[in-house]
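Now for the letters of each chain:
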Amino acid sequence: MGQMTKLMNGIDSLKDDERNLNNVEEKLQKNFSELNKEFTCLNAELGVLLSEEERNIEEFVKQTQTWILTAKDKIEAFNIGPKDSVSVVSLQRQKNKYGSVAGRMSNASRRSSSSAAHLKQEAEQAALLARAAALKKKQSIEQEVAKLKAEQEQLEIDTEIGAYFAKLKVFKDYDLLLENESECQSGNADICHKKEQKNPSLVEQHSWHNGYDQPLNFNCAPGQSISSIRSEHHNAFEDRRWELGCKDTFRYGTDCFWSPYVNYFDEMFSFECPPHHVITGMSSHHNDNYEDRRWQFYCCRSKCISGVSGHCNSDCLWTTYVNSFDEYFHWTVPPHSVLVGAESYHDDSTEDRRWKYKYCAQKSC
């Protein structure tokens, strides 16, 4: 019985590892079966009832057979051969264990590589779009620079041309003035008079009440009103100079006032003094940016004196325009009439104004 127990313990120790399957089967079928037969025969000869030991042996056999079946299933599942060594089986298990992990890592690696390639493509596309936008902006700037350069060159040429013609006009006017003075001094009055009519700028150079680009501030003497207006335009200065004439109008004192500015630069205006008032003065100043003037007018009327008749305006009329752009003009208030209003509009291309005036007959009232 002791030998049987020793064999059973040895088989139990082998059952700790499925790789001992063949060894367990061999010991169970050969060694254990022989001992079990001897034990059975001995038990029969002696007539000893060892029912508990028999049950233990039967239970051991059942457990071992169950273990053998389980071990075979595991070996088949892991594809472990009976002759596989412990290291081979361990390697196979590690392979089975980490194979799926490696597969997952491989899949993750492929996904990571695909994502990186996609990001790289998007980055390259963004860089191309940025370069295209920068190139477009650069081309736009270059076109603008070229346009400004062309405008600057054109402006320089226009300035040189304007300066040339301005100088040429001055020289021509001076030559005509010398020629006119020479002929007038020689006693040729008819020729002198015709040249004065043809070139009014040569006559009475000292009588202008303002210079080009300079303010105009003019008032008739007390008791007088404006009787004539003479003006000429200069293309280089893009301005006019003015000469105003006066005549006796009021026998007694007057009440007068300056109007506010009647226009802004480049604006059209139409101005009239209040009823029974007369224009006796004008004021203006020039702006080089607008190449135009703002205007004010001085209006007067007879003072109300007890027992003395005053002056009233009647039968008022507007003239047509007395000049064209850039044109010299000389307009005179008709006899027995007074100046009461002015109207004008500006032209940006010629940088000049056209003028017309309102006048009224004057009578005692």
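Since this is a predicted model, take the numbers as computed values, not measurements.

(A) Up close: the pairing of strand β10 (residues 337–347). Most of β10 sits inside the fold, with nine of its 11 residues counted as buried. One ladder, built from 10 bridges, connects β10 with strand β11 (residues 352–364); its direction is antiparallel. Bridge assignment links Ala342 to a residue of β11, and that residue is Tyr357. Adjacent in sequence and paired antiparallel, β10 and β11 are bridged by four residues, among which Glu351 carries a positive phi angle near 50 degrees.

(B) Structural view of the nonpolar core. Residues Ile226, Ile229, Met282, Leu339 and Tyr357 are the most contacted members of the largest nonpolar core, which totals 23 residues. The next biggest cluster of nonpolar side chains, apart from the first, holds 13 residues, and it includes Leu7, Leu21, Val61 and Ile75.

(C) Structural view of a nonpolar patch on the surface. Taken together, the side chains of Ile157, Ile161, Tyr164 and Phe165 make up a nonpolar region of the molecular surface, amounting to roughly 420 Å² of accessible area. Along the polypeptide, Phe165 turns up in helix α4 (residues 86–185).

(D) Focus on unusual backbone geometry. Not every positive phi belongs to a glycine, and Asp315 is a case in point at roughly 50 degrees. Mapped onto the secondary structure, Asp315 falls in strand β8 (residues 311–318). In this structure Asp315 comes out as exposed when scored by relative accessible area, which is 65%. If you check the backbone angles, Asp326 has positive phi at about 65 degrees while not being a glycine. Turning to its location among the elements, Asp326 is positioned in the loop between β8 and β9 (329–332).

Scoring rules and cut-offs
- Residues numbered from 1 in each chain as written.
- Predicted model: local features only at pLDDT ≥ 70, side-chain atom pairs only at ≥ 80, totals over all residues.
- Heavy atoms only, no water.
- Buried < 20%, exposed > 50% of the residue type's maximum accessible area, 1.4 Å probe, protein only.
- Helix = DSSP H or I, 4+ residues; strand = E, 2+ residues; numbered from the N terminus.
- Pairing = 2+ DSSP bridges.
- Core = buried A, V, L, I, M, F, W, Y, C linked by side-chain atoms within 4.5 Å.
- Patch = residues over 30% accessible without salt bridge, like charges linked within 9 Å, V, L, I, M, F, W, Y side chains within 5 Å.
- Areas by Shrake-Rupley, 256 points an atom, 1.4 Å probe, with all protein chains shown as cover.
- Salt bridge = Lys/Arg side-chain N within 4 Å of Asp/Glu carboxyl O.

So far we have only geometry, and geometry alone does not tell us how the molecule works.
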